[in-house]
Amino acid sequence: MADPDVSPNIGLLAFLVARDMETRVMEGLASAGYDDITLAQSRAFQRVGPDGTRVTDLAEQARITKQTAVFLVNQLERAGYVERVVDPTDARARLVRLAGRGRALVEVARRLEAEVEQRWADHLGARDTASLRRILTSLREITDPYA
C-alpha cells in the first residue's frame, strides 16, 4: 500500500498521465471501428516512421525483442495497418510502413489525442498546460534517444 505522506515520483506521475492518454485513445479507436488493434500492437505501430521503419528499429524503440516485433508486425500487416516494402537504401532490407487502414487510424488517433489534451488543458488552464508542454519537451532532450 502506498504511503499517503510520500508524493509519487515524477516518473510515476508521467506514467499515470501517459496511461490515461493511451487508455482514452484506445477506447476511442475501438469505438471508431478500430477494435482489432491491441495495446501491444499499438505500441509497435506508433514507432512506424513516415518513410517506414525497419523491424529491428521498431523492436529497439518499443523495447521489445525482434521476434516480438516481427509477431506484432505480422498481425498488423494481416489487419491492413502496415505493409512491408523494399528499403530504397538497401534492396536486401524491408521497411514497415503505414498502409491505408493505418493512415486512417492515425487520423482518428490524432483527433482523439487532441480531445484528451483539451480535457487536460480545461483542467490545468492555458498557462499551466503551456508550462507542462515546455517542461516535458525539455525533459525529452535527455530522456528520448529517438527524438
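Bear in mind that the values here come from a model prediction, so they are computed numbers and not experimental data.

### A few points about the overall build of the protein
- The secondary structure content of the protein amounts to 6 helices and 2 strands.
- Along the protein, helices and strands appear, N-terminal first, in the series α-α-α-α-β-β-α-α.
- With the principal axes as the frame, the protein shows a C-alpha extent of 55 × 35 × 35 Å.
- Burial status across the protein gives 28% buried among its 147 residues.
- Pairs at least 24 apart in sequence give 48% of the contacts found in the protein among residues at least 6 apart.
- For the protein, the computed accessible surface area is about 10200 Å², with 54% contributed by carbon and sulfur atoms.
- A distance of 4 Å separates the average location of the 21 positive side-chain charges in the protein from that of its 22 negative side-chain charges.

### Observations concerning the side chain of Thr-53
- Considering the arrangement of structural elements, one finds Thr-53 in the loop between helix 2 (39–45) and helix 3 (55–62).
- Under the relative-accessibility criterion, Thr-53 is labelled buried at 9%.
- Only 3.4 Å separates the side chain of Thr-53 from the backbone oxygen of Arg-47, close enough to count as a polar contact.
- If we skip the residues at most four places from it in the chain, Thr-53 touches Arg-47, Val-48, Leu-58, Leu-95 and Val-96.

### Some remarks on the packing of helix 5 (residues 100–124) against helix 6 (residues 126–143)
- It is the contact of helix 5 with helix 6, at a shortest axis distance of 6 Å, that shows an interaxial angle of 120°. What the angle tells us is that helix 5 and helix 6 run oblique. Relative to helix 6, the crossing made by helix 5 is right-handed. Residue-level contacts link Glu-117, Trp-120, Ala-121 and Leu-124 of helix 5 to Ala-126, Asp-128, Thr-129, Leu-132 and Arg-133 of helix 6.
- Here the residues of the contact of helix 5 with helix 6 sort into 5 nonpolar, 1 polar and 3 charged.

Conventions used here
- Residues numbered from 1 in each chain as written.
- Predicted model: local features only at pLDDT ≥ 70, side-chain atom pairs only at ≥ 80, totals over all residues.
- Heavy atoms only, no water.
- Helix = DSSP H or I, 4+ residues; strand = E, 2+ residues; numbered from the N terminus.
- Buried < 20%, exposed > 50% of the residue type's maximum accessible area, 1.4 Å probe, protein only.
- Contact = heavy atoms within 4.5 Å.
- Areas by Shrake-Rupley, 256 points an atom, 1.4 Å probe, with all protein chains shown as cover.
- Lys, Arg positive; Asp, Glu negative; His and termini not counted.
- Charge placed at Lys NZ, Arg CZ, Asp CG, Glu CD.
- Polar contact = N/O pair within 3.5 Å; in protein donor to acceptor, adjacent residues only side chain to side chain.
- Axes fitted to C-alpha atoms, helices over the stretch in contact; angles between N-to-C directions.
- Parallel < 35°, antiparallel > 145°, perpendicular 65-115°, else oblique.
- Left-handed = near helix turned anticlockwise from the far one by under 90°.
- Nonpolar A, V, L, I, M, F, W, Y, C, P; charged D, E, K, R; others polar.

Taken by themselves, the reported measurements are silent on function.
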